[in-house]
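Okay, here's what each chain looks like letter by letter:
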Amino acid sequence: MKIHLFLSILFFIALLEATTHDRVIIAHPKPPLHWKPSHILPDPSELIQFKLLLKQNNLDKLNQYFWEVSNPKSPYYGDFLTSQQVNDLVRSNEESFQQVYQLLGQHEIHQDEIEEKADYILVRTSVERAASLFQAKFLKYKSSKTGAVRVRLHGPATLPSHILDHIDFVTGLSEFMDKIKTSHHNPAKNYDNADKASLNDDILITPPVLKSYYNVPPTEKGSAPSNFQGIAAFSDYFSQGALDQFVKTYSLQTPNVTINGSDCLSGGCDQYESDLDMQYISAMGQGIPILFMAHPDGEWILDYAQSVLYMHNPPLVQSISYGWAELSQCDITNGCSTYGYNSQQYVNRTDVELQKIGSMGISVLVSDGDDGAPSLGGSSGNCPIDPGTYCPTGGCAHTKTQCAELTFSTSDGSLCFFPQGIGSDSCSSMLNDPNLQTAMNAFSDANTKCKLAFESDRTNLPHVYSECACSSLSNVTNSGYTVSAYSFSESNGAIFTSEYPTSSPFVTSVGATQFLSRNSHITQELGCSILEGAKITTGGGFSTFQPQPDYQAKAVASWMANNQGSIPPSFAFNPTMRAYPDISFNGHNYNIFASTNSANFDQCPCTQLPVDGTSCSSPALAGLISLINDKLISAGKSPLGFLNPLLYQMALENPSSFNDITAGSNNCNRSYCCKYGYTATAGWDPVSGIGSPDFEQFEKYILSIKGL
């Protein structure tokens, strides 16, 4: 008995030392303003889920294999790995597993609460045990934007320092990321009807319209039983009733749908994004079964990619219609203490998962964003508004202004560029402060001769009206704020903001075009923009820190060499980084169905409405890629896998496979137009990529490459 007591005392002392000394902070969250802490502790028995991401092995071999199987010129092209082979290749060291298991056991986290994967450990345990493990406190937070509730850290979390030799970082403790959906269903037009009619009759996009323009045989369908296509959704779900109504309206084949995840419609999540995705991937990829991959609130692109590795029969083509500012996966500019890892670490780890997916023969297509090169959410706003495009979406009391932008500043150096930067953290903080309203009123009073006014457009976003030039406005300091006319400086933040995951070199980034038409006849395809009456502006540009892959080096170099007179200033982008989009497809004025049945959104009655977005482009194009895969699989060939090396090779060897988009620009976001941006030109460009596909030529080239 005494020996057992002595051993127990030694164990207690060792445990006490392990939990009080030599620990390292791994996260110290600072929630965004719209995530409000409840200041009520969650029930100690409430479950929380997190992942300990272990260090991976053989990443150099994975990288080499990925490029070999994706390169049409390689003898290993299409020689894909199984998920088991991928996991065996990168599997973490057994010592890492044992060290983490030992730590979890010390805090009474049992085996039935642990799920082991090849390179991470998923833990579902009580808040009480998680608090013990991380020596941390947890609170419930609620989003004032969406009403979502999450249990997240309140204060720092730590782990023993020796564990950091075995893990990259921990996810699930402190993330408050809100994904940006890339579809917009506001039915209001951006021009008055008379003005709009004089420009374009704005043809309604339906499956027959798309198939006719892109030369897709109207009766082409898939039949290979092993061929699946997939839609990834985040806190969003589709209405089965709306899908059924869409299928009936256009005389389509009812898709075979499998669900991975839970229906969130009854909990109030949105349906429009997923309705769009499901309806148009099924319309363009007729006859091909669909896996709908629903991810709950709090999960993001890394969780998605990890889940694909463990699916029994993962879709060979997958479409993602969501994005988030690349530098705001977490804030790389301040070391990202919010999450315990920085944006580059998160992106790099996710890129590895995307390489795994590509090595398995899976094509991932991602919408390239709906706010042009400047972006809106997560951007600095330091992009001078084009004075010739005041309130371009309409709805303001005026159509011109002499000064479109102001700067709000504080004594600590914080800056908000209004209104271009309203999506930045700095602006969000200031605009929630009543003292700023006081300062803005004082600024208006000091400039009464200029008839200064703050007006709202049709999407309720603000604009600054002034009858005086910016140089004539008087600065005001009041209530802790200085309000002045905006003046551009390179040092005040990036002009353009890239989005992730579309900026990953390991996905196919899809931009949006729109059709100009007269008398229902399409006259031109150009880059989608609010300047042409669309509700969105297609994204595009260059990554901040992801290097440019070889497959696009020639295309980007040609663009740089041939467009020196029209490209943005050199400080605005780095042409040696990953450039996007890779390819484009129509993304304006899609007709979709959505449920209006508040008692059960899974059923009709349903309404029709027009939507815009690069999230129209990605799933529609994904359906066409699935059709080609179907022919390959039926002929005993391997699927296409990662598309980009093939696409850029096709653009060089058979340019007739693409419609070259030479008109349009992406200097605007959804409500403001910047002085700088990119313009569509001959060949590849950061508005339309290598163009949109002519399916007949596109498919013919691919089948010949594959020996058919």
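The rules we used
Residues numbered from 1 in each chain as written. Predicted model: local features only at pLDDT ≥ 70, side-chain atom pairs only at ≥ 80, totals over all residues. Heavy atoms only, no water. Helix = DSSP H or I, 4+ residues; strand = E, 2+ residues; numbered from the N terminus. Buried < 20%, exposed > 50% of the residue type's maximum accessible area, 1.4 Å probe, protein only. Areas by Shrake-Rupley, 256 points an atom, 1.4 Å probe, with all protein chains shown as cover. Lys, Arg positive; Asp, Glu negative; His and termini not counted. Charge placed at Lys NZ, Arg CZ, Asp CG, Glu CD. Axes fitted to C-alpha atoms, helices over the stretch in contact; angles between N-to-C directions. Left-handed = near helix turned anticlockwise from the far one by under 90°. Contact = heavy atoms within 4.5 Å. Nonpolar A, V, L, I, M, F, W, Y, C, P; charged D, E, K, R; others polar. UniProt positions renumbered as here; feature names shortened; annotations may be inferred. 1 Å grid on protein atoms, 1.4 Å probe; cavity = no way out; pocket = protein on both sides within 12 Å on 5 of 7 lines; lining within 4 Å. Points joined across faces, edges and corners; volume = space filled by probe spheres on them.

## Considering the overall build of the protein
Counting its secondary structure elements, the protein contains 17 helices and 32 strands. Principal-axis analysis of the C-alpha atoms gives the protein an extent of 95 × 75 × 55 Å. In the protein, buried positions account for 58% of the 708 residues. When the accessible surface of the protein is split by element, carbon and sulfur atoms take 51% of a total near 27,500 Å². Seen as two clouds, the 41 positive and the 67 negative side-chain charges of the protein have centres 1 Å apart.

## Points about the packing of helix H8 (residues 240–249) against helix H9 (residues 272–284)
Where H8 contacts H9, the two axes come as close as 10 Å, and the packing angle between them is 35°. Judged by the sense of rotation from one axis to the other, the crossing of H8 with H9 is right-handed. Taken together, the residues of H9 that come into contact with H8 (itself represented by Ala 242, Leu 243 and Phe 246) are Asp 275, Met 278, Gln 279, Tyr 280, Ser 282 and Ala 283. Residue classes in the contact of H8 with H9 are distributed as 6 nonpolar, 2 polar and 1 charged.

## Considerations on the UniProt feature "active site" (unreviewed entry) in the protein
UniProt's entry tags Glu 273, Asp 277 and Ser 615 with the feature "active site" (unreviewed entry), counted in the numbering of this structure. Separation in sequence by 343 residues is not matched in space for these annotated residues, since their most distant C-alpha atoms are only 7.6 Å apart. Within the secondary structure layout, Glu 273 lies in helix H9. Looking at Glu 273, the relative accessible area reads 0%, which means it is buried.

## Brief notes about the environment of Ser 426
Looking at the secondary structure, you find Ser 426 in helix H12 (residues 425–431). Residue Ser 426 is classed as partly exposed on the basis of its relative accessible area of 24%. Spatially, the C-alpha atom of Ser 426 lies 8.4 Å from that of Ser 380, the residues being 46 residues apart in sequence. If sequence neighbours within four positions are ignored, Ser 426 has contacts with Ser 414, Leu 415 and Cys 416.

## Comments concerning the environment of Pro 505
Counting through the fold element by element, Pro 505 comes out in the loop between strand S23 (499–500) and strand S24 (508–518). For the pair Pro 505 and Ser 70, spaced 435 residues apart in sequence, the C-alpha separation works out to 12 Å. Residues in contact with Pro 505, not counting those within four places in the same chain, are Asp 351, Gln 546, Pro 547, Pro 549, Tyr 551, Arg 578, Phe 642 and Asn 644.

## A closer look at empty space enclosed by the protein
Per the stated rule, a full pass over the model turns up 2 cavities of 30 Å³ or more. By volume, the largest cavity amounts to about 50 Å³. If you trace the largest cavity, you find it lined by Ile 385, Thr 389, Tyr 390, Cys 391, Pro 392, Ala 404, Pro 419, His 463, Val 464, Ser 671 and Tyr 672. Among the residues making up the lining of the largest cavity, the classes are represented as 8 nonpolar, 3 polar and no charged. Its boundaries defined by the atoms lining it, the second largest cavity holds a volume of some 40 Å³. Lining the second largest cavity, in full, are Asp 368, Gly 369, Asp 370, Asp 371, Gly 372, Ser 375, Thr 497, Glu 499, Gly 539, Gly 540 and Tyr 580. Of the residues that constitute the lining of the second largest cavity, the class distribution is 1 nonpolar, 6 polar and 4 charged.

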